[in-house]
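Topology and contacts: notes
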Amino acid sequence: MSASRTPVVEHGTLTLGRLLGQGGQGSVHQVLNKRINTSVNGGWDVVYKEYAPAVLPALDAAALTAQVALTASLSTAEGRWLCEKTAWPAAVVERAGRPCGLLMRLVPDRFRFAYRPLGGASRGDRRLANLEFLLNDDAYVAGVGLRVSERDRVLLLADLAATLTRLHRIGIAVGDLSPKNLLFATAARPECFLVDCDAMRLRGASALPQAETPDWQVPPGEERATPSSDSYKLALLAVRLFARDQTTTDPAALAALDPTLGDLARAGLSADPVRRPAPAAWAERLTVVAATASAKAARRPASTSPARKPPTPPSPRGPGPARPPGGPATARGTGGPAAARVPALRKSAGRTAAVVAALIVVAVLFGLRSSGDDGSPTAQSTTSSGQSSTGGSWTGGTPGDDSGGGPGTSDDTDDATTAGSGDDTTAGATGDDSDADGDRTRSPSPTPDPVGDAEIGSCFDDEGTRTRPDLVPTSCSPGAFKVVDIRHGTTGLDSCDGVDDSDESVSSHRHDLVLCLSYLNPGGDAYHAGQGDCVYGPNGSGTWHTEPCETGNFKVLAVYRGRDESKCGDWPHYNLLKPFNGPSGAGLDRILCLSMNYPDAMGYAQVRQCLLKSGSGSDATFTNTGSCDSSNVVVSGRTGRYEAASFCGNDGWTTWRSREYPELAYTVCYRWR
């Protein structure tokens, strides 16, 4: 490893802003003149973590340097993934040639939320969405301003399990895996973000001595910061996340959701590290459970006082002042006549910064469209400097200077501009001036109004742009947008949240409604498949459809907006990616990460794995019981060739292939135990 590949920044070159947080390890400060990954959308804002003087003697400078240098040693896709899922150390900061701290990515804004104070005030500040908020009853969670459904909890845990799987593959063990070091977001898709990464263990080395959060320790005598210790704490988190409790070890609530998850938790909390299921096993089962979990989030109770206030969580680094959860821590058809188009309106004004920030992720990733009381629809396309980009690639190296003088901010000043021709204050042509000082009577509209006349099942082409949609009535054929719901009495774009297959929202202040629109993708209705659904289509071009799950079709492991194919690689049993293109410029492209539905557990069995064989001949089936004690065969070999009996020699064998997807065939060898 050369020094040139390890970014080092002299402390004196930093322009520091406000103090963001302080704890036992040190303090975290805003950085105004540096950014990282500057090749992607202008780069990401960073913060400076300065170690306390008492911490520096225990700092392993070589281990910290290795952490910073890691991203340069990974592939572009792997490095970018690491920096999108974690606040990984980006540069060593030195004073007079000695390390005194590090630079790391500012937490993306989507991992913050508008906190509601418990005392009854209607507004609070934006806080980090620590997972510890969710270890409380639903009344408390809704009361502080969070909307989290049971399905969200399942998918959050699945994302964390998949993240741990990939971290372990890179050689990273989290160690202090606790809710205080985990952030979450649910607006676009449930996902997690890990902080305090300089405390993690990379390939056996730690920059700082390993510590554990009280009530989140591994069993006495066990080595800290290993994949096995992470598996233990993942099980502990699963139990507490669904029990809505901060200290329980009883998996009853998890087992009530799904008995298999209960079994995974009991095995995961075993004192014997060998018996604990790997995070990949959790990710696989959670993906299945998510398909039937409730998507209804608890609403804020009528009283602003929660049913109970959660206990103040302990400090993660031993004695010292504690802080409450979420406190500071270290973003077609043919067009009709012109008269039938949406009238020229303007974007609604007067939104507070908090509301705009809360809509940023939804607006960018889901292409939400807004229109105001003058009739001209305008897209919500504001972005936050803290939001991770799905485009470009990770670039290592020293963080670059930012002459802009600090974190970027979204500018929404155009909300109050451009009064349009559709202004409802225009007087009607009655020819009677006697009521000049009173109310005027408006004449009926002489032309059709596509927004006001729309019904569920109506279809439109959007002939506008991402920032100014232009709806034109059309037939409901592939490429059109179909109205799947109409929300009256509101212009809130998020009113379409939770509407099945809704891809775009268009609001009208004139009609006080929101149209929830679904894109009829030419690639087939599998475009709207969700996690746990099953789909099938030709190997190549052609339409894909959802269908009942059966041998030979594919289960959807995950759905992602955009075209970043690297996101599928960390899902267990992933073996095919299906892309769908949305309308040009609308931000509605998506990819499905797919897993073949093999006949039985042999489809994904690995060498030395134990299975239970039942039946014989063509009726034989193989089941993964999770234990060699309850199995009767062990896998002795595997090849991707079909009917490769000679490959197995004298061992038993089973084989399968799909005619449409022969590349996913297998022959698996086994021996009796």
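Residues numbered from 1 in each chain as written. Predicted model: local features only at pLDDT ≥ 70, side-chain atom pairs only at ≥ 80, totals over all residues. Heavy atoms only, no water.

If you look at the biggest cluster of nonpolar residues, it comprises 66 residues, and the most contacted ones within it are Leu134, Leu146, Leu160, Ile172 and Trp282. Among the elements that take part in this core, helix α4 (residues 150-170) stands out by supplying 10 residues, more than any other. Among residues more than four places away in sequence, those in contact with Ile172 are Leu70, Leu82, Trp88, Leu167, Met200, Arg201 and Leu202. Membership of the second largest hydrophobic core comes to 40 residues, among which are Ala454, Ile486, Tyr519 and Trp656. (Core = buried A, V, L, I, M, F, W, Y, C linked by side-chain atoms within 4.5 Å. Buried < 20%, exposed > 50% of the residue type's maximum accessible area, 1.4 Å probe, protein only. Helix = DSSP H or I, 4+ residues; strand = E, 2+ residues; numbered from the N terminus. Contact = heavy atoms within 4.5 Å.)

Right, let's get into the sheet that holds strand β26 (residues 590-596). Pairing in this open sheet of 5 strands is antiparallel, and the strands run β23-β22-β24-β26-β25 from one edge to the other. Only two strands of the sheet have a single partner each, and these edge strands are β23 (545-546) and β25 (576-580). Examined bridge by bridge, strand β24 (residues 554-561) and β26 share 7 bridges and lie antiparallel to one another. Along β26, the bridge assignment pairs Tyr560 with Ile591. (Pairing = 2+ DSSP bridges.)

Let us look at helix α2 (residues 76-85). Across the 10 residues of α2, 8 count as buried, placing the element largely inside the fold. When α2 is considered as a whole, its buried residues turn out to be Glu78, Gly79, Arg80, Trp81, Leu82, Cys83, Glu84 and Lys85. On its buried side, α2 packs onto β4 (44-51), α1 (61-73), β6 (98-105), α4, β9 (172-173) and β11 (191-194).

Bringing the packing of α2 against α4 into the picture now. Interhelical geometry of α2 versus α4 gives an angle of 130° and a closest axis separation of 12 Å. With respect to their mutual orientation, α2 and α4 come out oblique. In this structure, α2 crosses over α4, and the sense of that crossing is left-handed. Note on element contacts: α4 touches α2 through Asp159, Thr163, Arg166, Leu167 and Ile170, opposite Ala77, Glu78, Trp81, Leu82 and Lys85. Along the lines of polarity and charge, the residues of the contact of α2 with α4 split into 5 nonpolar, 1 polar and 4 charged. (Axes fitted to C-alpha atoms, helices over the stretch in contact; angles between N-to-C directions. Parallel < 35°, antiparallel > 145°, perpendicular 65-115°, else oblique. Left-handed = near helix turned anticlockwise from the far one by under 90°. Nonpolar A, V, L, I, M, F, W, Y, C, P; charged D, E, K, R; others polar.)

Take the packing of aromatic side chains next. If you walk through the whole model with that rule in mind, you get 18 aromatic pairs. Note on Tyr598 and Trp656: the rings are 5.3 Å apart at their centroids and 90° apart in plane angle, and the pair reads as edge-to-face. A residue pair is termed long-range when its members are at least 10 positions apart, and Tyr598 in the loop between β26 and β27 (610-614) and Trp656 in strand β30 (residues 652-656) qualify at 58 residues. Here Tyr598 falls in the buried class, since its relative accessible area comes to 12%. Note on Trp656: relative accessible area 16%, which makes it buried. Three or more aromatic residues joined by ring pairs form one cluster here, namely Phe481, Tyr519, Tyr527 and Phe580. A cation over a ring is seen here: Lys578 above Phe580, with NZ or CZ 5.4 Å from the ring centre. We note Arg590 situated over the ring of Tyr527; from NZ or CZ to the ring centre the distance is 3.9 Å. (Phe/Tyr/Trp six-rings, centres within 6.5 Å; stacked < 30°, edge-to-face > 60°. Lys NZ or Arg CZ within 6 Å of the ring centre and 35° of its normal.)

Our next topic: the pattern of salt bridges. Applying the stated criterion to the full structure yields 26 salt bridges. With its nearest N and O atoms 2.7 Å apart, the salt bridge here joins Lys85 to Asp159. In this pair, Lys85 is assigned in helix α2 and Asp159 in helix α4, connecting sequence segments 74 residues apart. According to the relative accessible area criterion, Lys85 is buried, its value standing at 7%. Salt-bridge contacts for Arg563 lead to Asp589; the nearest nitrogen and oxygen are separated by 2.5 Å. Linking Arg563 in the loop between β24 and β25 with Asp589 in the loop between β25 and β26, this pair joins segments that are 26 residues apart in sequence. Under the relative-accessibility criterion, Asp589 is labelled buried at 13%. Salt bridges sharing partners connect three or more residues here, namely Asp138, Glu150, Arg153 and Arg244. (Salt bridge = Lys/Arg side-chain N within 4 Å of Asp/Glu carboxyl O.)

So yeah, pure geometry; function would need other evidence.
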